[in-house]
Amino acid sequence: MNFDTWFHSQNKLLQIILLIIPLIGWIVDLLVRWSAFLKKQTLVNLVMALVITILGGFWILTILDAIMIALNNKLFLEE
């Protein structure tokens, strides 16, 4: 699964737009997190994938990810 590499290869503005749309942002965040976990199986990636899966519908975490993309070019707690 290479969704995380596709996502990170996109323009920063497109990444932010994909994350701030409520339902689309949650789905994109899920795909990126689980793809990153499958590629690099670390505890941090697993925990964040599970948190986004369970609590991602609250949309606060995806907004935090959009802010982190704008500042650091990577998602919050992504290895």
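Criteria and thresholds
- Residues numbered from 1 in each chain as written.
- Predicted model: local features only at pLDDT ≥ 70, side-chain atom pairs only at ≥ 80, totals over all residues.
- Heavy atoms only, no water.
- Helix = DSSP H or I, 4+ residues; strand = E, 2+ residues; numbered from the N terminus.
- Buried < 20%, exposed > 50% of the residue type's maximum accessible area, 1.4 Å probe, protein only.
- Expected span 1.5 Å × (residues − 1).
- Contact = heavy atoms within 4.5 Å.
- Patch = residues over 30% accessible without salt bridge, like charges linked within 9 Å, V, L, I, M, F, W, Y side chains within 5 Å.
- Areas by Shrake-Rupley, 256 points an atom, 1.4 Å probe, with all protein chains shown as cover.
- Salt bridge = Lys/Arg side-chain N within 4 Å of Asp/Glu carboxyl O.

1. A few points about the side chain of D65
Reasoning step 1: Examined against the element boundaries, D65 turns out to sit in helix α5 (residues 60–72).
Reasoning step 2: Taking the relative accessible area as the measure of exposure, D65 reaches 1% and is therefore buried.

2. Details of helix α3 (residues 22–39)
Since the α-helix turns once every 3.6 residues, residues separated by three or four places project in the same direction.
Reasoning step 1: In a regular helix each residue adds 1.5 Å, so 18 residues correspond to 26 Å; α3 covers 26 Å between its end C-alpha atoms and thus fits that length.
Reasoning step 2: Of all the positions in α3, only G25, V28, D29, L30, V32, R33, S35, A36 and F37 are classed as buried.
Reasoning step 3: The secondary structure elements touched by the buried residues of α3 are α1 (3–9), α2 (12–20), α4 (43–55) and α5.

3. What about a nonpolar patch on the surface?
Reasoning step 1: A cluster of nonpolar side chains, contributed by L13, I17, I20, I21, I24 and W59, occupies part of the molecular surface with about 510 Å² of accessible area.
Reasoning step 2: When residues of the nonpolar patch are assigned to their parent elements, the largest contribution, three residues, is made by α2.
Reasoning step 3: Relative accessible area serves as the criterion here: at 37%, I21 is assigned to the partly exposed category.

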